[in-house]
Amino acid sequence: MEVKVLDIKGKDTGRKVQLSDSVFGIEPNKHAVYLDVKQYLANQRQGTHKAKERAEVAGSTRKIKKQKGTGTARAGSAKNPLFKGGGTVFGPRPRSYSFKLNKSLKRLARRSAFSLKAKESNIVVVEDFTFDTPNTKNFLSVLSALGLENKKSLFVLGDSNKNVYLSSRNLKASNVVTNSELSTYAILNANNLVLLEGSLEGIEENLSK
């Protein structure tokens, strides 16, 4: 598919780029997308949750009342889970939520995410740009020119650009990554993708393997 190349003022440069059908024009595999997003979110979990079980609660192990003749249920320790302050039964323990996915499936998921955005016409290609110094106001002017000031946007750079990244860092609705840092979650979480010209070759090279 052909897409117009815009400048940072949102004007047509008169040039067009051809987006690879193998990356931006496939039939999306929703299950692959689901698995990749699930893995991404699982990897964000710290897994440091912990509840004290019966053996870990501080307290005496003395038998709190005689076994028989009280008219109530027998009880041994004050750390019994049935009592207030007692241990937790089968409480959460620290663990990792991560799981493995094949590289080919993750590439399929990213291609599917790109294809979904392409079908929705939510991909914009912009010529490469930079700033002399980090400046949020300059980045906001770019968003305004592209009509993205009130939308979630993901800018994809070909190479790391510290000034552009720092200019966007204070903006909650905008995210800047390089083509090697792309994830299926980031693509789908944005309303619009802004692909810089220099990122296209790397994206297609990484996902066409």
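Residues numbered from 1 in each chain as written. Predicted model: local features only at pLDDT ≥ 70, side-chain atom pairs only at ≥ 80, totals over all residues. Heavy atoms only, no water.

So, the pairing of strand β3 (residues 123-126)
Then step 1. Here β3 shows a buried face lined by I123 and V125 and a second buried face lined by V124 and V126.
Then step 2. In the sheet, strand β1 (residues 2-6) pairs with β3 via 2 bridges, with the strands oriented parallel. When the sheet's bridge partners are listed, L6 is paired in β3 with V126.
Then step 3. Relative to strand β6 (residues 192-196), β3 runs parallel, the two sharing 4 bridges. Paired with V126 across the bridge in β6 is L196. (Buried < 20%, exposed > 50% of the residue type's maximum accessible area, 1.4 Å probe, protein only. Helix = DSSP H or I, 4+ residues; strand = E, 2+ residues; numbered from the N terminus. Pairing = 2+ DSSP bridges.)

Description of the packing of aromatic side chains
Then step 1. For the coordinates displayed, the defined rule picks out 4 aromatic pairs.
Then step 2. Aromatic pair F24 and F114: ring centres 5.0 Å apart, planes at 50°, arrangement tilted. Taken together, the residues F24 in helix α1 (residues 21-24) and F114 in helix α3 (residues 103-119) connect sequence positions 90 residues apart.
Then step 3. Its relative accessible area of 2% is what places F24 among the buried residues.
Then step 4. Looking at F114, the relative accessible area reads 0%, which means it is buried. (Phe/Tyr/Trp six-rings, centres within 6.5 Å; stacked < 30°, edge-to-face > 60°.)

Quick word on unusual backbone geometry
Then step 1. For F90, which is not glycine, the phi torsion reads 50° and is therefore positive.
Then step 2. By the secondary structure assignment, F90 is in the loop between α2 (30-44) and α3.
Then step 3. Judged by relative accessible area, which is 80%, F90 ranks as exposed.
Then step 4. The phi dihedral of S121 is positive, around 60°, even though this residue is not glycine.
Then step 5. Within the secondary structure, S121 is located in the loop between α3 and β3.

Considering the nonpolar core
One recurring pattern in soluble globular proteins is that nonpolar side chains are buried together.
Then step 1. Residues F24, F114, L154, L182, L193, L195 and I203 are the most contacted members of the largest nonpolar core, which totals 23 residues.
Then step 2. If you list the elements that add at least two residues to this core, you get β1, α1, α3, β3, β4 (153-157), α6 (184-189), β6 and α7 (197-207).
Then step 3. When sequence neighbours within four positions are dropped, the list of residues in contact with L193 reads F114, K117, N122, I123, V124, L154 and I187.
Then step 4. Counting residues in each nonpolar core, the second largest holds 17 residues, with V124, V126, L148 and L196 among its members. (Core = buried A, V, L, I, M, F, W, Y, C linked by side-chain atoms within 4.5 Å. Contact = heavy atoms within 4.5 Å.)

Section: the pattern of salt bridges
Then step 1. Considering all chains together, one arrives at 6 salt bridges under this definition.
Then step 2. Across the salt bridge formed by R15 and E127, the nearest N and O atoms sit 3.4 Å from each other. Here R15, found in strand β2 (residues 12-18), pairs with E127, found in the loop between β3 and α4 (136-146); they are 112 residues apart in sequence, far enough to count as distant.
Then step 3. When its relative accessible area of 36% is taken as the criterion, R15 is described as partly exposed.
Then step 4. For E27, the salt bridge goes to K119, with nearest N and O atoms at 3.7 Å. Of this pair, E27 sits in the loop between α1 and α2 while K119 sits in helix α3, and the two are 92 residues apart along the sequence. (Salt bridge = Lys/Arg side-chain N within 4 Å of Asp/Glu carboxyl O.)

Read these as geometric descriptors, not functional statements.
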